[in-house]
Amino acid sequence: MGYYLGVDVGSLTTKLALIDRSGELVYADCRRNDGGPIEAVQKIFAGAKIDCYPVAAAGTTGSGRHLAAVIIGADTVVNEITAHALAARTVEPAVQTVIDIGGQDSKIIYLKNGVSVGFNMNTVCAAGTGSFLDHQAARLGLPVEELGHYALRSTSPVAIAGRCGVFAESDLIHKQQLGYRKEDLIAGLCLALAKNYITNVARSRKVEPVVLFQGGVAANVGMRWALEKLLNVKLQVPPHYQVMGALGAALLARSRHRDGKIRETRCRGAREVAGADFQVKGFICRDCANCCELSELYADGVLAGRWGSRCGKWADLERRQPERVQEKTRAFT
Ligand code: ADP
């Protein structure tokens, strides 16, 4: 009996999903990247007691997918859009729209008959992201987990300018100073962020049901309410809304294993992952005008992974040893 592992390293949290051969989720976890993503991956991996689940194939996704792939020894690396779409259509085959709002980005994916037909991702505007909500909750003296419940108690939401994070925050502070109730301020904030999402991410394109709302912000009932109100559509929040990316990575690993594209997993054991000393170093390649910023991951002092180059010439770890990389850095900086 083999299991499939998916790890999703986001800007704020790291998620892990383990599925069995039938695709059933047997274990899921989500942890904040407080000590950095390397430590988060090591801890979440240790917590999964992976040695009890013989892994047949493993995949990673998220903004830290390359880093995570090297740490755990993943067999496949997948972008967030593919991972989220795959998980969404597996959980709900009739899904036509996926709204995903995470810590520092938000996205929308459109599907027709289970196939992705378009997407849009916003990584630029802070308004409408989880970290912006976290920050506003802290400013209002509330845990983010309670923010949404305040919004639902509002009787008269305050108009907040949500065009961008800076405007939203200064308008919120201004309205707060005018003495409006917390409930009405928070409801106004949720509506402003939902409007921002509809304008900048969904770009006012029609949102067709079934709509799945996933990512950490799906836990925020105020954001659910605001999006439903402005989109005039019911949102479904899948039971494992926060680990959908990890679930997608595990599902992709399963399908590649089934297709014979992954024969023997490279996934490491729990002790190997927990015991290794991982260090990241960076340098800028100035061989051409792209000036790519490369990151290198060393496991116990040995170069284990490198990413960030556009032309691909740094992909071969054997060709360029760390000493030469350092020489190059010195020579060109
Ligand atoms: P990423 O994948 O980008 O690291 P997540 O998808 O895990 O981020 O989303 C993190 C965000 O989710 C947090 O910033 C927070 O605003 C929100 N969040 C997570 N759990 C809750 C909760 N229980 N209630 C309200 N908001 C939550």
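Residues numbered from 1 in each chain as written. Predicted model: local features only at pLDDT ≥ 70, side-chain atom pairs only at ≥ 80, totals over all residues. Heavy atoms only, no water.

Draft legend 1. Structural view of the nonpolar core. Within the largest apolar cluster, 40 residues are counted, with the highest numbers of intra-cluster contacts made by I99, I108, I186, Y197, F213 and L227. Secondary-structure elements contributing two or more residues to this core are β6 (97–101), β7 (106–112), α4 (130–139), α5 (144–152), α6 (165–177), α7 (182–200), β9 (211–214) and α8 (221–231). Looking at which element gives the most residues to this core, the answer is α7, with 11 residues. Grouped together as the second largest cluster of nonpolar side chains are 29 residues, I38, I50, V55 and L297 included. (Core = buried A, V, L, I, M, F, W, Y, C linked by side-chain atoms within 4.5 Å. Buried < 20%, exposed > 50% of the residue type's maximum accessible area, 1.4 Å probe, protein only. Helix = DSSP H or I, 4+ residues; strand = E, 2+ residues; numbered from the N terminus.)

Draft legend 2. Quick look at the sheet that holds β7. Read from one edge to the other, the open sheet built from five strands follows the order β8-β7-β6-β9-β10, with strand pairing classed as mixed. In the strand order of this sheet, the two ends are held by β8 (115–122) and β10 (235–236), each with one partner. Taken together, the two bridges between β9 and β10 define a ladder with parallel strand orientation. Counterpart to L212 in the pairing with β10 is Q236. Packing of helix α3 (residues 80–91) onto the sheet brings it into contact with β6, β7, β8 and β9, and relative to β7 it is tilted by some 55 degrees. (Pairing = 2+ DSSP bridges. Contact = heavy atoms within 4.5 Å. Axes fitted to C-alpha atoms, helices over the stretch in contact; angles between N-to-C directions.)

Draft legend 3. Up close: the site of the ligand. With respect to spatial proximity, 19 residues lie near the ligand, and among them L12, T13, K15, G103 and D134 are the closest. For the ligand, an oxygen atom lies 2.5 Å from a polar atom in the side chain of K15. In the environment of the ligand, an oxygen atom lies 3.4 Å from a nitrogen or oxygen atom belonging to the backbone of V217. Burial of the ligand by the surrounding chains reaches 88%, relative to a free accessible area of 580 Å². Sorting the residues of the shell around the ligand by element identifies β2 (13–19), α4 and α5 as the ones contributing at least two each. The element best represented in the shell around the ligand is α4, accounting for three residues. Of the residues in the shell around the ligand, the class split is four nonpolar, 11 polar and four charged. (Near = heavy atom within 4 Å. Polar contact = N/O pair within 3.5 Å; in protein donor to acceptor, adjacent residues only side chain to side chain. Areas by Shrake-Rupley, 256 points an atom, 1.4 Å probe, with all protein chains shown as cover. Nonpolar A, V, L, I, M, F, W, Y, C, P; charged D, E, K, R; others polar.)

Draft legend 4. A look at the pairing of strand β4 (residues 55–61). Of all seven residues that make up β4, seven are buried, and the element is covered over most of its length. Note that strand β1 (residues 3–9) and β4 share six bridges and pair parallel. Bridge pairing in β4 links L5 to A58. Pairing geometry for β4 and strand β5 (residues 76–77), over two bridges, is parallel.

Draft legend 5. Local environment of the environment of S154. Looking at where S154 falls in the secondary structure, it is placed in the loop between α5 and α6. With a relative accessible area of 17%, S154 lands in the buried category. For the pair S154 and I186, spaced 32 residues apart in the sequence, the C-alpha separation amounts to 8.1 Å. What S154 contacts, discounting residues up to four positions off in sequence, is E183, D184 and A187. From its side chain, S154 meets the backbone nitrogen of S156 in a polar contact 3.3 Å long.

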